[in-house]
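Listed below, chain by chain, are the residues.
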Amino acid sequence: MNNTETTQAASQSEAAQTLLKNLQETLNEEKWTRASLGNYSTNQFKELDLILKTARQEKVLDELKKTCDEHLSHTRNSIIALYLSGMIALSRQIIDDSAMINLVSIFLDNHKWGIVKYLCERILDHGESKYALRTLADCCKNDNEEDKVYEIWERLVKVDFEEADIVKSLAEYYEKRDNREDSIDYYKKALHRYINKGSFSNIKEIWEKLINVNTDDIDFFLHIQKKIAKSVSEDKAVILLNDLYAKYKSKDIDIAINILKIILEYDEKDVHGRREIIDCFRKKYSSHSQLEEYIRISNLSQNYRAVHQAIADFEKHIAFDKGNFVYHRTWGVGRIANIVGDEIKIDFSKKRGHSMALKMAVDALQTLTKDHIWVLKATKKKEDLREMILKEKEKDSNDNIVLTLKIIIRSFGNACDMKRIKAEISPALLTTGEWSTWSSKARDILKSNPDFGISAENSDVFIVRERPVSVTEKLYNEFTAKKNFFDKAAAIRDYVNNKNADPDSEYFTEMLSYFTSFIRLAPGADSNDRRKKDSSNQNAEHALFSFLIISELALNKNYTHLKSALSSGFADIFSGIKDVPSLFKNLKDAKLRAEFLNNIKLYISQWPDIYIKLFPYSQLPSITEQLEEAGFSGKLSALCHECFERHRDNREAVVWFYRNARGKPWFKDANIGIEKQLITLIHIMDITYRDIENSKDTVENRKINKLVHNILFKDGDLASFISEADEDAIIRIFTFMNDVKDLDPQDKLNLRSRILDRYPGFKFFGDTGKKVSRGLMVTKAMYEEKKKQLMHIMDVEVPANSKEIEYALSLGDLRENAEYKAAKEKQEQLNSQVAKLKEDIDRAQLFDPNSVSTSRVSFGTKVVLFNEKTGSKEEFTILGPWESDPNNNIISYLSPFGSAIINKTAGEKFDFTINEEKVSYLVENITAAVI
């Protein structure tokens, strides 16, 4: 630092000291009391703002706030201390805003409206505040600024998600001004909020209002009635649904029937509902030839019959009429030719004029609509269907895909996943390549097209909407269909990032409430009106995750108001976490992990120790970088040493340190030699092999195993060590490596060769003349051939068989399905082949031609035998069962004759019995076989 910089630093330090000293004197001399507040104006606060500005420049805000807080501990109504401490807290986004609220209250009690308004606006400079907005609205009321009151209320209801009365007032305000769109929007918001409060009188009032002014929005009413039934009562929902039914009875018969079904679902003994649904059925099916007969058969009008069973029975019967299509498991698609009395005549493609009793037909046949995909397959040419699926009417319109999706989804009860869609199209109508291209476009359409939605129970199941769904509702439906916490987090993130989604929608408020409920119930959360807390660690984890998610969403410019939903601060929620490493391990979202670490450093004083504990669970470079920058290299060295010592539990951390930190001074200070580093990696490779074999964390262990294998062999680190190490070190390394039983034998052979290149006379521990081990000895060529066979079965034959089974399943009636039985038999055969090949490959030990010994008969030798019975010479090559070829005198060392000859020496005699005939042999010569 030069002289000028030194002088500036000293000057800044002196200015800061003077500022703090003057503040302390001002606080001590403060004479302002409630009695003298009448003389106070906004100018004094502007002067205090200058103090804040100077303190920020001098970087003494912490010291200034500490001084004010200490003063407030004994002078709680100090105007200066309250303002300075409160504004610093707001600037740092600290949740506790009690200082500013206390300050506003002092002036509010004394009716100093101008100052109250100024203070509220200063609070709002740092983000929306429910208290500040309410108080500011009161100020505007006092000044008779009605329009401004409503402007402020619009801001308030965005951050106060429980406020209902003001939302209703806004609806009425816009209704008086003939602003229908905004009025309806606020009435909907008010309805949602009154439901949350359980205020049925308000619910009924707004419901009646909306069904008169917004009758066509049936999806809204059907959605909201579910919420009423769940949050208020099913009886109340029935009252409202009857009002809705009255509107739709003459407007849309299908919707009217649907409403009545819901009413009867809530109250199956509702006589009025039962009578009305019969009237609706008569109106809908007035032209059906068997209408009254089917009403009689189903006992729909008889109150003793369970109403839901009667409805289902009626709807099943009513589908049977002349000209309609049906499906039989054996005979396929047919068309009803005629119905006479209790007899039904059906034309199947292979069984025309087939007669059945109506009762049997209802039980045995599945009714199909005329545009069911099975009907189309049965009645149209394949070429025509391919054209329907593939050909666009207009370029880039994708109308062919939309049409096909609607047909297939509606064919299966308006609920269908991509697996079912594929089963109907490929391979029957589209090739594998065509399906790949088509399905990619189809997935995009299902996600973005408003004509499609997803099932509330399963996000993988798609439905066709009777009315186009808005982007807002579509994203909401995707959120509700998710069951997992982090899946819901991803869904609300998608909502916020979608520019067409409504930030002020009550659908979004419902989504948000899922996360805010965790924060309210969190151990350590500061909330007076919350329900009884669940102190479980999982609830605390979800509360903290929710805090991070909402904080992230609030960074979006359209959602900054979400900060007000954070009723507790990070430190408060963090204090309730019992197992921080476990929480961090469960936090799979990369963005949330980074935000979690940032918050720990900002709000938790012991952050370095927490970072050290977390590193083994996630090797984020930011952790080591921030610790290094903050001067905690000693902690990093200790962490390295601990991870290598306890490598079984810290295997990912060890690999990360080896790959990324060996050049760091703090790693070198850990004094972990290169030999120990490599031996530790070999141990980790062995551990992961065993865990993979035991199906323990298979994905993670495969990933670690591959990384270690690449380091040791592909990157050449082991070879580099051998080229420089002494013989004793190499013995230790090879011993550990040789004990890794699942390591590819070729890697071990390559390692042996490299060692022999360095030390030609090197003796490998355990080497003997016996070259046959307990494993399955194989040549490299056959080892590679078997791996190719396994790969072909797994990658080609198994997928092809799966398609065969899938196609056979689509044909129905598994009991009489020859294609299905054949495909299942093929599946069993393939599974058996795969299991056998895997077992053999796992047992295989590669034979090293350089290690063959001709001192005795062993794998890889050629032996000449003298047959004393025939007086002739016989020559055999000894290999394994994979290479065995008796016609060419290549025999397996595991065969009866191979077992008899193995380990025999030149000049040795032995007997062998074949076909109950004893033959004597003399071993004449042993040479190395050419392989």
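Residues numbered from 1 in each chain as written. Predicted model: local features only at pLDDT ≥ 70, side-chain atom pairs only at ≥ 80, totals over all residues. Heavy atoms only, no water.

Observations concerning the overall build of the protein chain
Looking only at helices and strands, the protein chain has 43 helices and 14 strands in total. Its C-alpha atoms give the protein chain a radius of gyration of 40 Å, clearly above 30 Å, the size a compact globule of 931 residues would have. Projected onto its principal axes, the C-alpha positions of the protein chain cover 130 × 110 × 55 Å. Looking at the protein chain residue by residue over its 931 residues, the buried ones come to 47%. Contacts in the protein chain between residues at least 24 apart in sequence constitute 58% of all its contacts with a sequence separation of at least 6. (Helix = DSSP H or I, 4+ residues; strand = E, 2+ residues; numbered from the N terminus. Rg over C-alpha atoms; globule rule 2.2 N^0.38 Å. Buried < 20%, exposed > 50% of the residue type's maximum accessible area, 1.4 Å probe, protein only. Contact = heavy atoms within 4.5 Å.)

Regarding the environment of Ile-184
Mapped onto the elements, Ile-184 comes out in helix H10 (residues 180-197). The exposure class assigned to Ile-184 is buried, which follows from its relative accessible area of 9%. Along the primary structure Ile-184 and Ile-166 are separated by 18 residues, whereas in three dimensions their C-alpha atoms are 14 Å apart. Residues contacting Ile-184, with those up to four places away along its chain left out, are Leu-210, Val-213 and Asn-214.

Regarding the packing of aromatic side chains
The tally for this structure, following the rule as stated, stands at 49 aromatic pairs. For the pair Trp-607 and Phe-632, a centre-to-centre distance of 5.9 Å together with 85° between the ring planes defines the contact as edge-to-face. With Trp-607 in helix H31 (residues 607-614) and Phe-632 in the loop between helix H32 (621-629) and helix H33 (633-645), the pair connects residues that are 25 residues apart, well separated along the chain. Among the residues examined, Phe-632 registers a relative accessible area of 25% and is labelled partly exposed. Three or more aromatic residues link up through ring pairs in this structure, and these residues are Phe-479, Phe-485, Phe-486, Tyr-514, Phe-515, Phe-518 and Phe-545. Arg-420 extends its terminal NZ or CZ atom over the ring of Phe-412, reaching a point 4.7 Å from the ring centre. (Phe/Tyr/Trp six-rings, centres within 6.5 Å; stacked < 30°, edge-to-face > 60°. Lys NZ or Arg CZ within 6 Å of the ring centre and 35° of its normal.)

Observations regarding the nonpolar core
Membership of the largest hydrophobic core comes to 119 residues, with the highest contact counts inside it found for Phe-45, Tyr-83, Leu-119, Ile-259 and Phe-320. With near-sequence residues (within four places) excluded, Ile-259 lies in contact with Ile-218, Leu-222, Leu-241, Leu-244, Tyr-245 and Tyr-248. Counting 96 residues, the second largest nonpolar core, distinct from the first, contains Ala-501, Leu-553, Val-654 and Phe-721. (Core = buried A, V, L, I, M, F, W, Y, C linked by side-chain atoms within 4.5 Å.)

Focus on the sheet that holds strand S4 (residues 351-357)
Picture the strands of a sheet paired through backbone hydrogen bonds; they go either parallel or antiparallel. Reading across the sheet, the 5 strands line up as S4-S3-S2-S1-S5 and stay open at both edges, with antiparallel pairing between neighbours. One side of each edge strand has no neighbouring strand; the edge strands of this open sheet are S4 and strand S5 (366-368). In this sheet, neighbouring strand axes are inclined to one another by 40° on average, regardless of whether the strands run parallel or antiparallel. With 5 bridges connecting them, strand S3 (residues 343-348) and S4 associate as antiparallel partners. Its bridge partner lying in S4, Ile-344 is registered against Met-356. (Pairing = 2+ DSSP bridges. Axes fitted to C-alpha atoms, helices over the stretch in contact; angles between N-to-C directions.)

Topic: the pairing of strand S10 (residues 861-867)
Across the 7 residues of S10, 5 count as buried, placing the element largely inside the fold. Bridge count between S10 and strand S11 (residues 872-879): 7 bridges; the pairing is antiparallel. Residue pairing across strands places Lys-862 opposite Thr-877, the latter belonging to S11. Hairpin remark: S10 followed by S11, antiparallel, with 4 residues in the connecting loop; positive phi at Gly-871, about 75°. As paired elements, S10 and strand S14 (residues 917-928) share 7 bridges and run antiparallel to each other. Within S14, the residue paired with Val-864 across the bridge is Asn-925.

A short note on a negative patch on the surface
On the surface, a cluster of negative charge is made up of Glu-234, Asp-235, Glu-265, Asp-267 and Glu-268. Within the secondary structure layout, Asp-267 lies in the loop between helix H14 (253-266) and helix H15 (271-284). (Patch = residues over 30% accessible without salt bridge, like charges linked within 9 Å, V, L, I, M, F, W, Y side chains within 5 Å. Areas by Shrake-Rupley, 256 points an atom, 1.4 Å probe, with all protein chains shown as cover. Salt bridge = Lys/Arg side-chain N within 4 Å of Asp/Glu carboxyl O. Lys, Arg positive; Asp, Glu negative; His and termini not counted. Charge placed at Lys NZ, Arg CZ, Asp CG, Glu CD.)

Topic: helix H9 (residues 165-176)
If you check H9, its first and last C-alpha atoms are 17 Å apart, about what 12 residues at 1.5 Å a residue would give, namely 16 Å. Burial in H9 covers these residues: Ile-166, Val-167, Lys-168, Leu-170, Ala-171, Tyr-173 and Tyr-174. Buried residues belonging to H9 abut helix H7 (130-142), helix H8 (146-159), H10 and helix H11 (200-213). Looking one or two residues beyond H9, the residue adopting positive phi is Asp-178, at roughly 60°. (Expected span 1.5 Å × (residues − 1).)

Topic: the environment of Gly-353
By secondary structure assignment, the location of Gly-353 is in strand S4. For Gly-353, a relative accessible area of 35% puts it in the partly exposed group. Considering only alpha carbons, one finds Gly-353 and Ala-337, 16 residues apart in sequence, at a separation of 7.6 Å. Ignoring anything within four residues of it in the chain, the contact list for Gly-353 reads Lys-345, Ile-346 and Asp-347.

Comments concerning the sheet that holds S10
Ordered in space as S12-S11-S10-S14-S13, the 5 strands form an open sheet in which the pairing is mixed. Either end of the sheet is taken by a strand with one partner, and the two such strands are strand S12 (890-892) and strand S13 (909-914). Put simply, the sheet's adjacent strands are angled 45° from each other on average, direction ignored.

As for the packing of helix H39 (residues 727-738) against helix H40 (residues 745-758)
As a packed pair, H39 and H40 sit with axes 11 Å apart at the nearest point and diverge in direction by 170°. As judged from the angle between their axes, H39 and H40 are roughly antiparallel. As for the relative orientation of H39 and H40, their crossing is left-handed in sense. Residue-level inspection shows Ile-730, Phe-734, Met-737 and Asn-738 of H39 in contact with H40, the latter providing Lys-748, Leu-751, Arg-752, Ile-755 and Arg-758. For the contact of H39 with H40, the per-class residue count stands at 5 nonpolar, 1 polar and 3 charged. (Parallel < 35°, antiparallel > 145°, perpendicular 65-115°, else oblique. Left-handed = near helix turned anticlockwise from the far one by under 90°. Nonpolar A, V, L, I, M, F, W, Y, C, P; charged D, E, K, R; others polar.)

Examining unusual backbone geometry
A cis amide bond links Ser-426 to the next residue, Pro-427, at an omega of 10°. Secondary-structure assignment places Pro-427 in the loop between helix H22 (418-425) and helix H23 (432-448). Non-glycine residue Asp-178 carries a positive phi angle of around 60°. Examined against the element boundaries, Asp-178 turns out to sit in the loop between H9 and H10. Here Asp-178 falls in the exposed class, since its relative accessible area comes to 69%. Although it is not a glycine, Asn-414 sits at a positive phi angle of roughly 55°.

Examining empty space enclosed by the protein
As enumerated under the stated definition, the model contains 1 cavity of 30 Å³ or more in all. Its boundaries defined by the atoms lining it, the largest cavity holds a volume of some 70 Å³. Around the largest cavity, the lining residues are Val-157, Lys-158, Phe-161, Lys-189, Arg-193, Pro-503, Asp-504, Ser-505, Phe-508, Thr-509 and His-561. Secondary structure elements with two or more residues in the lining of the largest cavity: H8, H10 and helix H26 (506-520). In terms of residue class, the lining of the largest cavity is made up of 4 nonpolar, 3 polar and 4 charged. (1 Å grid on protein atoms, 1.4 Å probe; cavity = no way out; pocket = protein on both sides within 12 Å on 5 of 7 lines; lining within 4 Å. Points joined across faces, edges and corners; volume = space filled by probe spheres on them.)

Quick word on the pattern of salt bridges
In the structure shown here, the tally under the stated rule is 54 salt bridges. Residue Glu-145 pairs with Lys-117 through a salt bridge whose shortest N-O separation is 3.6 Å. Of this pair, Glu-145 sits in the loop between H7 and H8 while Lys-117 sits in helix H6 (residues 113-124); the two residues are 28 residues apart in sequence, bridging distant segments of the chain. The class for Lys-117 is buried, based on a relative accessible area of 17%.

Some thoughts on the confidence of the model for the protein chain
Considering every residue of the protein chain, the mean pLDDT works out to 88; 93% of them sit at 70 or more. Low confidence marks residues 1-12, where pLDDT is under 50. Its contacts with residues over four positions away, or in another chain, come to 2 contacts. Between residues 526-535, whose pLDDT stays under 50, and residues either more than four places distant or in other chains, the model counts 19 contacts. (pLDDT = per-residue confidence, 0-100.)

Things to note about the packing of helix H21 (residues 399-411) against H22
Put simply, H21 and H22 touch, their axes get as near as 10 Å, and they point 105° apart. On the basis of their axis angle, the class for H21 and H22 is roughly perpendicular. Between H21 and H22, the contacting residues are Thr-404, Leu-405, Ile-408 and Ile-409 on the first element and Ile-421, Glu-424 and Ile-425 on the second. For the contact of H21 with H22, the class distribution of residues is 5 nonpolar, 1 polar and 1 charged.

Considering H15
Across its 14 residues, H15 extends 20 Å between first and last C-alpha, which sits within 8% of the 20 Å expected from 1.5 Å per residue. Listed in full, the buried residues belonging to H15 are Gly-273, Arg-274, Glu-276, Ile-277, Ile-278, Cys-280 and Phe-281. Buried residues belonging to H15 abut helix H13 (234-248), H14, helix H16 (291-297) and helix H17 (307-318).

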